[in-house]
Each structure stands twice: as structure tokens, then as C-alpha cells.
Amino acid sequence: MNNRRNFLAGAGAITTAVAAAAVSRVAMAALPEPVIQTKPDTMAPLVPNTGRPYNPVVTLNGWTLPWRMNNGVKEFHLVAEPVVREMSPGFKAHLWGYNGQSPGPTIEVVEGDRVRIFVTNKLPEHTSVHWHGQRLPNGMDGVTGLNQPAIPVGKTFVYEFVARRPGTFMYHPHADEMTQMAMGMMGFWITHPKAKHPLIDEVDRDFVFLLNAYDIDPGAYTPKIMTMLDFNLWSWNSRVFPGIDPLVVRKNDKVRIRMGNLTMTNHPIHLHGHEFLVTGTDGGPTPKSTRWYEVTTDVAVGQMRQIEFLADEEGDWAFHCHKSHHTMNAMGHDVPTLIGVDHRQVVKDITNVIPDYMVMGERGMADMTEMEMPLPDNTAPMMSGDGPFGSVEMGGMFSVVKVRKNQKAGDYKDPGWYKHPPGEVAYEWTGALPNPARFAAEGGQTMKAQNMPMKDVEVQVRKPVMGGKGGMSGMSGMKH
Ligand SMILES: [Cu+2]
């Protein structure tokens, strides 16, 4: 956790000068200086020092935007601009975002707050901001052309409304949406209840993050915006594992996690070791009668899901999207399955010519993590992450909920790996191994097949092309 007070004061002067031309109804000097964040770290919760108190959220690999109180109005300043986002250590992407990062900062307010948001456009094209899920005057809804003219390049627009209902919301452009969201423009918005709410429990830890996805060729920096399905980077808050911070909690904490999905597909989000309740959606808190315990909840496109659980089991608990291709990082999509082919030297040779060439391992994919295959500059290994017992062979939408009895209240520092009590780790059986009993009959079925093949066929979708050990020099005697 870093201190949040590292923002560029210099950026403020430039933005203020640009904005002054466009903002006339608001006193020119009154434009709040934009706060810029340059780091992708999870910042400490921003405890409110003005307005109604609340228990602030923690944005995974993100931060909360400070505000200024002006005659009872909470004023925020968002700057839409190109940013460089570190998606995981050693891998940077050129994205668009807000205030130095993608996603933009989380905005936190209290039910009933009057909010004024200045939006300065430093992108190369026009933009707007839609406040996804909010009750607000129609002209503040941010759909370019429908509710407002687009915010031209270099101009600042003002949005103003009352945060009428408590809940979890998102913000994103509603102008050249495909491009701007594919480039990473999005952020979270939390409206805390103004008083005790029968359907909103108080929690000890409250995490938020957005599910987003990019298509960035290995070695490249900029997402391909035309991609609709074949994304190769499935991210949480524009970070991919092992770049996603752990969610650190204290044993017996009541934990809330809010996730919004701004990708092009659904994500079944799965927590190990605990059961949770879905306590809220974009529509607000769920009625108690609709809640049942789950360990996986699907978050559809454009949806938000808020889950809550009692963290009463110590350990390092995996927390991830259950689509197994979403816990992988950049891989080429036009790759054949070559299970059964020892191709390791070939891959090394080919990557000299075609930097992003990758193939599946011949015994499955786990080999990929040990091969030390040369990667092009600026990409994330497909599966990695060194755990206490070896590689976890993950990427993408994967993190760990770390539950510790010694974690102090309000401390989010990574406590390191869980120290398992003696006898509580799966271990190798070293005794005798009797022959497993096998079921003698072949092919149990509900109905008899009508047509059977003439003879037994061994199906090989793709035959290994190199013939035996002598067929390809360099292939024999290879080991890793
Ligand atoms: Cu997923």
C-alpha cells in the first residue's frame, strides 16, 4: 500500500487553463485541481474528512478520487486522457483512462449528496461520461447526441446531480463507446447509504474492481479495438495475474466485494473456502428473500454484483473467474493443439522469426510455465505466478483472498504466504498401491447405438509430423 498523496501538481495548471475557456457558469478559478495517480498499486481507503462519514471502499489496484466541498456540493474533477497502465510487472499497455490510470478512480459519495463532476477531455477525440445505473436528470445521463453534445477535445463539461439511491455504479463514455471502452475508459462509483439501511450491512472490508478485457498482441502496447470476442487479456481493473493484488482480510471480518463487468462476455466469479451471498446488483440491495449461498456468481455484461461473506477460514483462498481461458494471459489464437508433439526446440527457433508464436505443450499446458520459452518484449506470460509450492499456472482474472487471524483491523498489507498447521497440507502417499479395480464392461449407455464403426479407430485429430527420434535434428534427447 502506498500513500495516495503522489499526484502531479503540474498537471493541474495545464488542465485549469484549458478548462477555463469552456466553463463559464462555474467560477473559473473554482475548477478543482485534478488529482492524478501514476501508480497501479492498491491505495489505502480514502477516509472522508468532509460530509457524512462512511466506511470507505478499497479499489483493487486502484484508488478513490479526492473531492472538494464547495458550499455543500462535492466537487470532483475527472480528466479523460491517454495513460500508460502497467497491467502486470514488466508489461505496460497504452490505454485511455481518467486521471492517469485505467480504470479511472473510484468515486465515493453518500446518498443525498449533491455532486458536481468536472470532466476535462484530453483525449484525441470527443467523449462524454455516462453514470451507469444512477437516478439523475435526463440531461446528465451522458449519452452523446441524445442527452448532450459531445465534450470536444480540450474542453471541460460539468455534470451535476444528487446521488439519490445507495448502491454500486459504474461510469464510462457514451461516445465512440466501442473504441473508448476497449481502450480502458471506465470507473466505479459507490453511493453509501446515509443511515442504517435494512438491506445494507456494515462490513469490515469493502473491495471493488471492474472486470475488463483487452486484445493486445504480444510485444505491442495498444489494444486492438475492433476485437469483439477474441480478447487475450482478461483483467481486473486493467491488471492481469500475477499483477493483481491479493484481497487481504482479517479472520472473522465481514467482507464485501463489488464487481462490475464491462467486458464483452460474462464471468462466473468463484471464491474458494467460503460461501457468499449476492447482496446487491446495479439495481440496489437485493431483497433478503432472494439471497442464497453460492461459491460462484455469474456477472453478465454491463452488470454489477456485490457479494458478502464471513472470512472465518484462515488461508490463501483462490478467487477467480471460472472460465479457464480467462485465467490465462496473452496467447496467440491461431495455435493448433499439439499434445503429443515435442516441439520445444522448434518453438525456440520459430520465435526468432515470429515473435508471438506460441503452441500448446505436448503433454498439456503445464509445460508452458517451465519451458522458459522466450517471450517477446512487453507481454505477460500465459500462465505464471510463483506460489509457495511452485507455479500456480494462472494468469488473467485470478487473485487470492488472504485470511489471517493476526492481520490488524484496517491493515491491507500483504502478509505473505499462509503457514499451514502441521498435517493440513495434501501430501504424497508412499505406501503400497494396489491395482485399481476397473469396471469390466465398456460403454454403459441409456440406449443401444444403432450404427457402430466397422472396427475400432484411434482418433488422432492432428498427427505428429516429425517421425521418431531421427526425423528432426535437435528434437531427440531434449528435456526441460
Ligand atoms: Cu471470465
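The structure displayed is predicted, hence computed values, not measured ones. (Residues numbered from 1 in each chain as written. Predicted model: local features only at pLDDT ≥ 70, side-chain atom pairs only at ≥ 80, totals over all residues. Heavy atoms only, no water.)

1. Describing the coordination of the copper ion
In this structure, His-267 (ND1), Cys-321 (SG) and His-326 (ND1) serve as the protein donors to the copper ion, at separations of 2.0 Å. Look at where the donors of the copper ion fall in the sequence and you get H-x53-C-x4-H. Its relative accessible area of 6% is what places His-326 among the buried residues. (Donors = N, O, S within 2.8 Å, 3.2 Å for Na, K, Ca; no water. Buried < 20%, exposed > 50% of the residue type's maximum accessible area, 1.4 Å probe, protein only.)

2. Digging into the sheet that holds strand β19 (residues 296-299)
Here five strands make up an open sheet; going across it, the order is β13-β24-β21-β15-β19 and the pairing mixed. The strands lining the two open edges of the sheet, one partner per strand, are β13 (247-250) and β19. Averaged over neighbouring strand pairs, the angle between their axes works out to 20° when direction is ignored. Judged from the four bridges that link them, β13 and strand β24 (residues 398-404) form a sheet pairing that is parallel. Residue pairing in the sheet places Val-248 in a bridge with Lys-402 of β24. (Pairing = 2+ DSSP bridges. Helix = DSSP H or I, 4+ residues; strand = E, 2+ residues; numbered from the N terminus. Axes fitted to C-alpha atoms, helices over the stretch in contact; angles between N-to-C directions.)

3. Focus on unusual backbone geometry
In the segment running from Ser-102 into Pro-103, the intervening peptide bond is cis, with an omega of -5°. With respect to the secondary-structure elements, Pro-103 resides in the loop between β4 (91-98) and β5 (107-110). With an omega of 10°, the peptide bond between Phe-241 and Pro-242 qualifies as cis. The phi angle at Ser-238 is positive, at roughly 55°, despite the residue not being glycine. Tracing the backbone shows Ser-238 in the loop between β12 (233-236) and β13. Judged by relative accessible area, which is 0%, Ser-238 ranks as buried. Positive phi is not limited to glycine here, since Asn-252 has a value of about 75°. Here Asn-252 lies in the loop between β13 and β14 (253-261).

4. Some points on the sheet that holds strand β9 (residues 167-172)
The four strands are arranged β5-β10-β9-β7 in an open sheet whose pairing can be described as mixed. Edge positions in the open sheet fall to β5 and β7 (130-132), since each of these has one partner strand only. Across this sheet, the average inter-strand angle for adjacent strands is 25°, counted without regard to direction. With five bridges connecting them, β9 and strand β10 (residues 187-192) associate as antiparallel partners. By the bridge assignment for β10, Phe-169 is matched with Trp-189.

5. Topic: the pairing of strand β11 (residues 205-214)
By the criterion of burial, β11 is predominantly enclosed, with 10 of the 10 residues buried. Neither face of β11 is left uncovered, since the one carrying Arg-205, Phe-207, Phe-209, Leu-211 and Ala-213 and the one carrying Asp-206, Val-208, Leu-210, Asn-212 and Tyr-214 both have all their residues buried. Bridge count between strand β1 (residues 58-59) and β11: two bridges; the pairing is parallel. Bridging across to β11, Val-58 finds its partner in Phe-207.

6. What about a nonpolar patch on the surface?
On the surface, Met-228, Leu-229 and Met-264 cluster together into a nonpolar patch covering about 330 Å² of accessible area. Here Met-264 falls in the partly exposed class, since its relative accessible area comes to 43%. (Patch = residues over 30% accessible without salt bridge, like charges linked within 9 Å, V, L, I, M, F, W, Y side chains within 5 Å. Areas by Shrake-Rupley, 256 points an atom, 1.4 Å probe, with all protein chains shown as cover. Salt bridge = Lys/Arg side-chain N within 4 Å of Asp/Glu carboxyl O.)

7. Comments concerning the packing of aromatic side chains
Within the structure shown, the criterion is met by 13 aromatic pairs. Relative to Tyr-171, the ring of Trp-131 has its centre 5.8 Å away and its plane inclined at 45°; by these criteria the two rings are tilted. Residue Trp-131 is found in strand β7, and its partner Tyr-171 is found in strand β9; the two are separated by 40 residues along the sequence. Across this residue pair, the class does not change: Trp-131 and Tyr-171 are buried. Three or more aromatic residues link up through ring pairs in this structure, and these residues are Tyr-98, Trp-131, Tyr-159, Phe-161, Tyr-171 and Trp-189. (Phe/Tyr/Trp six-rings, centres within 6.5 Å; stacked < 30°, edge-to-face > 60°.)

8. Let's talk about the pattern of salt bridges
For the structure shown, the criterion picks out 18 salt bridges. Here Arg-116 and Glu-160 are joined by a salt bridge, their closest N and O atoms 2.7 Å apart. Separated by 44 residues along the polypeptide, Arg-116 in strand β6 (residues 114-121) and Glu-160 in strand β8 (residues 156-162) bring together distant segments of the chain. It is possible to trace a salt-bridge network through shared partners that takes in Asp-201, Asp-206, Lys-254, Arg-256, Arg-258 and Glu-308.

9. Things to note about the nonpolar core
Core analysis: the largest hydrophobic core is formed by 31 residues, its most contacted members being Phe-76, Leu-78, Ile-107, Ile-117, Trp-131 and Trp-189. When contributions to this core are tallied by element, the ones reaching two or more residues are β3 (73-88), β4, β5, β6, β8 and β9. Discounting residues that sit within four places of it in the chain, Trp-131 has contacts with Leu-78, Ile-107, Ile-117, Leu-136, Met-140, Asp-141, Tyr-159, Phe-161, Met-170, Tyr-171 and Trp-189. Within the second largest apolar cluster, 29 residues are counted, among which are Met-259, Ile-307, Cys-321 and Val-403. (Core = buried A, V, L, I, M, F, W, Y, C linked by side-chain atoms within 4.5 Å. Contact = heavy atoms within 4.5 Å.)

Read these as spatial facts, not as claims about activity.
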